[in-house]
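Here is what each chain is made of, one letter per residue.
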Amino acid sequence: MRQNSKNRLDQEEQSYRSIFENAPEGIFRATLEGKLLTANPAMAELLGYASADELIDQVNHHGAEIFLSATKKQELLQRINAGDHIANFEFEARRQEGKILYVALNARRVEDGDGRIACFEGMLHDLTERKQVRAKLSRVSDYLHLALQYMPGGLVLFDENLCYVALTKRVAEWYGLPPELVEIGKPYAGVVRYFAERGDYGPGDIETIVDNALQPFREKKAVFQERTLPNGMILEVHRSPLPNGGYVSVFLDVTERKRTEAELERYREHLETMVRERTEELGHKNDALNAAVENLQHALGALSQAQDKLIQSEKLAALGSLVAGVSHELNTPIGNALLVASTLEDRTKEIENTVHTGLKRSDLESYLKDTHDASAILLRNLDRAATLISNFKQVAIDRTSSRRRSFHLAAHIDEVLSTLHPKLAMSPYVVKIDIPESIGLDSYPGPLGQVISNLVENTLLHAFEGRTQGTIRINARQLKPGWVELCVSDDGSGIPPATIKHIFEPFFTTKLGQGGSGLGLSIANNIVTGLLGGTLDVHSQPGAGASFCMTLPNVAPAEGLTEENAP
């Protein structure tokens, strides 16, 4: 039986030894003087030693010190002597290589059979990582606290009992709250009561007011409200419930924004008034403009009618000049024919009398010779008159009807110049024509003739002032297919630069009261650019003559009358 007891003791000792050796925490036993009696491998590893024996040897015989602070070591030993049970005694320990550890010690004294302290034993916990985490958390907490205090708005955090967990100081300052009401852990109900007693919620029973103000919290409702404080500050309050039963309230100072919005609203109203007034003003101006446009349209209509009348008048004036010229040209051949006819009549009477008294052969031969000569003269002069009348008829019809037909340009220019012969014959100036016979046009010969007449008469009036000789050239050439260039040029005195830019303007003339109406070139330009579908350009240098060049299509635009549909 004694043997069995011994075996059980050996087994228990072996079991405790196994626990001691394999425990994850550092376990030791030491004297009151600080000498290590025993230590487990975890204790050695914690302090940086290869084994427990090395740890004990270094501490007991080579002066290795576990405590970084001798004061802490003395405090521990004194508390052991005093019989205290040590729990969570924190101190800094030194590892073998010199690294500092933060550890916590739990220890108790061990007494002998006489009740004296034989030693003390304990357990070490490594707090280094926990200390580092706490330090980081403390740093983060400090930053969060700073962020709360310096955030542009305000924030209040309540726990599930509606007690303060965190808040920014400026919230208390904005609401004028005593600091003791908003200390951490104080209930929010105290602040509500303070508001009620201060009259922030208006008149009424205080308890009822407080209960109504806290009702949204009990219902776990999110709340948004805008509140104007006594100092004029306007706050937006956003209050939301948290999953853990608490609440978070965010406060935004919107005073400046509201002031800006109010100013913008006033400005918008002012702008709307201005726009309305300006719209009315523009409406009046628009009415006036419409009236002015209507008057202008009437004026343009009247001007167009006046222009048509002027063109017609110009045509009639040109036709009158044509009639006068043709009349002058017809006087000679018709006068000659009348003279020859009257002479022939006298000779016939003479030969008739001779027949009754006795006709001689010589008288008959003389009469026959005179008759033959008179007949030739009559035919020649009457043919000249017929040609003039035919040209006059063609030009007169073209001028008055503006009808369209196909014609050869060279022949038409000859017809036009024949009507100008009286004026040209009375002047010392020469007209030279260089127009290929092959150029043909499908256009309006009458208006084209009027343009040529106006250009020639303008040259006679302006180009050779003070000169006894000069040359007018009328040239034409075929440009690219479908286009003809027709120029009337002279070697006169030229056109000054100040005049040339106004030359096609109606009523512009340098010979006002001296035979110039200021309409000739304007009408010519309108005919060329309008009915004939071309362009009219002028080129001149003072002292070097002037050149009026028309660029005309061989086939005029489809406008006006043709020979087939002319009335």
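Residues numbered from 1 in each chain as written. Predicted model: local features only at pLDDT ≥ 70, side-chain atom pairs only at ≥ 80, totals over all residues. Heavy atoms only, no water.

1. Digging into the nonpolar core
Ranked by size, the top nonpolar core spans 41 residues in total, and within it L409, L448, I452, I474, L486, F548 and M550 carry the most contacts. Elements supplying a minimum of two residues to this core: α11 (409–419), α13 (445–462), β14 (471–478), β15 (483–490), α15 (520–529), β16 (535–540) and β17 (546–553). Once residues within four sequence positions are removed from consideration, L448 is found in contact with F407, L409, H412, L441, L486, L532, M550 and L552. Counting residues in hydrophobic clusters, the runner-up holds 30 residues, among them A30, L36, I56 and F120. (Core = buried A, V, L, I, M, F, W, Y, C linked by side-chain atoms within 4.5 Å. Buried < 20%, exposed > 50% of the residue type's maximum accessible area, 1.4 Å probe, protein only. Helix = DSSP H or I, 4+ residues; strand = E, 2+ residues; numbered from the N terminus. Contact = heavy atoms within 4.5 Å.)

2. Concerning the packing of α13 against α15
For the pair α13 and α15, interaxial distance at closest approach is 9 Å and the crossing angle is 150°. Between α13 and α15, the angle is such that the two are roughly antiparallel. Seen from above, α13 lies across α15 with left-handed handedness. Together, P447, Q450, V451, N454, L455 and N458 of α13 and G520, L521, I523, A524, I527 and V528 of α15 make up the contact between the two elements. For the contact of α13 with α15, the per-class residue count stands at eight nonpolar, four polar and no charged. (Axes fitted to C-alpha atoms, helices over the stretch in contact; angles between N-to-C directions. Parallel < 35°, antiparallel > 145°, perpendicular 65-115°, else oblique. Left-handed = near helix turned anticlockwise from the far one by under 90°. Nonpolar A, V, L, I, M, F, W, Y, C, P; charged D, E, K, R; others polar.)

3. Topic: helix α7 (residues 188–198)
For α7, the set of buried residues is Y188, V191, V192, F195 and A196. Taken end-on, α7 shows its buried residues confined to a sector of 140°, consistent with a single buried face. Where α7 is buried, its residues touch β6 (154–158), β7 (164–167), α6 (169–175), α8 (206–218) and β8 (223–228). Immediately downstream of α7, the backbone of G199 shows phi near 95°, a positive value. (Arc of directions from axis to C-beta.)

4. Considering the state of the cysteines
In total, this model carries one disulfide according to the counting rule given. Here C487 engages in a disulfide with C549; their sulfurs sit 2.2 Å apart. With the S-S dihedral at roughly 110°, the linkage between C487 and C549 falls on the right-handed side. Of the two residues, C487 is situated in strand β15 and C549 in strand β17; the sequence distance between them amounts to 62 residues. (Disulfide = S-S within 2.5 Å.)

5. Some points on the sheet that holds β17
Spatial strand order, β12-β14-β15-β17-β16: five strands in an open sheet with mixed pairing. Strand pairing shows two members of the sheet lacking a second neighbour, β12 (430–434) and β16, which therefore form its edges. Pairwise comparison of adjacent strand axes, ignoring direction, gives a mean angle of 15° for this sheet. Pairing geometry for β15 and β17, over seven bridges, is antiparallel. Note that in β17 the partner of S489 across the bridge is S547. Its contacts with the sheet put α11 on β12, β14 and β15, and the angle it makes with β12 is roughly 165°. Running over the sheet, α15 touches β16 and β17 and is turned about 135° from β16. (Pairing = 2+ DSSP bridges.)

6. Things to note about the side chain of S443
By the element assignment, S443 lies in strand β13 (residues 440–443). Every residue in contact with S443, bar those within four places of it in the chain, is listed here: R403, R404, R405, F407, L532 and A556.

7. Structural notes on the pattern of salt bridges
Under the defined criterion, the tally for this structure stands at 23 salt bridges. Of the charged contacts in the structure, one is a salt bridge between E90 and K131, with a shortest N-O distance of 3.2 Å. Residue E90 is found in strand β3 (residues 86–94), and its partner K131 is found in helix α5 (residues 128–150); the two are separated by 41 residues along the sequence. According to the relative accessible area criterion, E90 is partly exposed, its value standing at 33%. The salt bridge involving E226 is made with K258; its shortest N-O contact spans 2.9 Å. Of this pair, E226 sits in strand β8 while K258 sits in helix α9 (residues 255–357); the two residues are 32 residues apart in sequence, bridging distant segments of the chain. Overlapping salt bridges bring together E226, E236, R257, K258 and E261 as one network. (Salt bridge = Lys/Arg side-chain N within 4 Å of Asp/Glu carboxyl O.)

8. Structural notes on unusual backbone geometry
The backbone of N88 shows a phi angle near 55°, a positive value even though the residue is not glycine. For N88, the position within the fold is in strand β3. Judged by relative accessible area, N88 falls into the exposed class, the value being 55%. Positive phi outside glycine occurs at K220, with the angle close to 55°. Structurally, K220 is set in the loop between α8 and β8.

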